[in-house]
Amino acid sequence: MKLLLIILLVCLIIVLGIGYFCMYYVLTPKVRSMEDGVILEKKLDNWKDYDTYEKEELNVSSFDGYLLHGTLIHNHGPNADENKYCIITHGYTSNRYGSLRYVPTFYDLGYNIYIYDDRHHGANKRCHTTMGYLEKKDLIAVKEELQNRFGNGIEIGIHGESLGCAISLSALGLTQDFKFCVADCGYSDLELLLTELIGGQMHLPKFFVKIASFFCKVTQGFWFSDVKPYKALEENQTPILFIHGDADSFINKNHSQINFDHAKSCYKELHFFPGADHAWSCMSDKEGYDKLVKEFVKKVH
């Protein structure tokens, strides 16, 4: 009997340990350095005219005092409009340079563009990513900083990729100030996503997600189930362009379908890019992606 209790206790410790590791792995990922971000984007030919743009470093203090590092690109192109701004939010483990592939599209449309590092990413202080739970308020803080600097009458659109997409969609549940949202390959429900990933990629029983979520609640103050971007869309009226690669091996394209289906009160479009893996729709067909986004923005302007 004593031996059995010891075995059960050891098993419990192992199970809890794996659950804690899963939580830590999700919320404290190894992120790309700024230097590696430059190298990667140049290798992918996304740097392009970035060095020629007029830029300023613009850091934003978020709602809780956390400092977000970012860069404001001032538009001096032929279509430049001092009243138009676009905030681009990057994906998981990336940094603001990962947003450069999307900059030319909005620059051509005349938008001034703000790219920034998500919480825990880029040049920001290391903490934990909360997968959209706090980051949606960070995006609101960025919006308010731009409005404070350039006037409440400015037009602000948002673009988000992957985690950045989930952040952008979640922010729509807090404000209707945005002119449009381009939602590229985001998840609809964090717990659902992690259940799919833990079962499919880590080959662990799915109940570990619940254990990891418990540790997340204890250490960070929220459950994984609290992050449901689709819930923010049920009353949203901001136009949304949903984009997803139909060969996405990280976030299944069905997440964008779920988000699309719940956005019942706004103008919306859903486009799948054939053969594109995760966050690769733009890279798989830059011309088609550019055309799609430009037509959408012009349509809802």
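For the structure itself, look to the data block above.
Owing to the predicted nature of the structure, the values given are computational and were not obtained by experimental measurement. (Residues numbered from 1 in each chain as written. Predicted model: local features only at pLDDT ≥ 70, side-chain atom pairs only at ≥ 80, totals over all residues. Heavy atoms only, no water.)

*Asks:* Which residues make up the side chain of T105, and what values go with them?
*Replies:* With respect to the helices and strands, T105 occurs in helix α3 (residues 103–108). What makes T105 buried here is its relative accessible area of 7%. Residues in contact with T105, not counting those within four places in the same chain, are D290, V293 and K294. (Helix = DSSP H or I, 4+ residues; strand = E, 2+ residues; numbered from the N terminus. Buried < 20%, exposed > 50% of the residue type's maximum accessible area, 1.4 Å probe, protein only. Contact = heavy atoms within 4.5 Å.)

*Asks:* Quick one: what's the story with the sheet that holds strand β1 (residues 54–57), residue by residue and with numbers?
*Replies:* Reading across from one edge, β1-β4-β6-β5-β7-β8-β9-β10 is the order of the 8 strands in this open sheet, with mixed pairing throughout. Unpaired on one side and paired on the other, β1 and β10 (268–273) mark the two borders of the sheet. Ignoring strand direction, the axes of neighbouring strands in this sheet form an average angle of 15 degrees. Pairing of strand β7 (residues 155–161) with strand β8 (residues 181–184) involves 4 bridges; the strand directions are parallel. Bridge pairing in β8 links I158 to C181. (Pairing = 2+ DSSP bridges. Axes fitted to C-alpha atoms, helices over the stretch in contact; angles between N-to-C directions.)

*Asks:* How would you sum up the nonpolar core? Please name residues and give values.
*Replies:* In terms of nonpolar packing, the biggest core is built from 54 residues, with I87, L146 and I240 touching the most fellow members. If we ignore the near neighbours within four places in the chain, the residues touching I87 are Y114, Y116, L139, V142, K143, L146, I156, G157, I158, H159 and F178. Of all hydrophobic cores here, the second largest spans 30 residues; its members include Y102, I113, V293 and V300. (Core = buried A, V, L, I, M, F, W, Y, C linked by side-chain atoms within 4.5 Å.)

*Asks:* Any details on the pairing of strand β4 (residues 70–74)? Residues and values, ideally.
*Replies:* Within β4, 5 of the 5 residues are buried, which leaves the element mostly enclosed by the surrounding structure. The side-chain alternation of β4 yields two buried faces, one formed by G70, L72 and H74 and the other by T71 and I73. With 4 bridges joining them, β4 and strand β6 (residues 112–116) adopt antiparallel strand pairing. Within β6, the residue paired with L72 across the bridge is Y114.

*Asks:* Summarise the pairing of β8; cite the residues concerned and give the values.
*Replies:* Because side chains alternate across β8, one face comprises the buried residues C181 and A183, and the other comprises V182 and D184, equally buried. For the handedness criterion, the β-α-β arrangement of β7, helix α5 (residues 163–171) and β8 is classed as right-handed. (Right-handed = clockwise from strand over helix to strand, strands pointing away.)

*Asks:* Any details on empty space enclosed by the protein? Residues and values, ideally.
*Replies:* As enumerated under the stated definition, the model contains 1 cavity of 30 Å³ or more in all. Of the volumes computed, that of the largest cavity is approximately 40 Å³. Contributing to the lining of the largest cavity are N46, W47, K48, D49, Y50, Y53, L100, V103 and P104. (1 Å grid on protein atoms, 1.4 Å probe; cavity = no way out; pocket = protein on both sides within 12 Å on 5 of 7 lines; lining within 4 Å. Points joined across faces, edges and corners; volume = space filled by probe spheres on them.)

*Asks:* Can you break down the packing of helix α4 (residues 135–150) against α5 residue by residue, with the values?
*Replies:* Where α4 contacts α5, the axes come no closer than 8 Å and their chain directions differ by 70 degrees. Between α4 and α5, the angle falls in the class roughly perpendicular. Of the residues in α5, those in contact with E135, K136, L139 and I140 of α4 are I167, S168, S170 and A171. Per-class residue counts for the contact of α4 with α5 are 4 nonpolar, 2 polar and 2 charged. (Parallel < 35°, antiparallel > 145°, perpendicular 65-115°, else oblique. Nonpolar A, V, L, I, M, F, W, Y, C, P; charged D, E, K, R; others polar.)

Interpretation in functional terms is not warranted from these geometric data alone.
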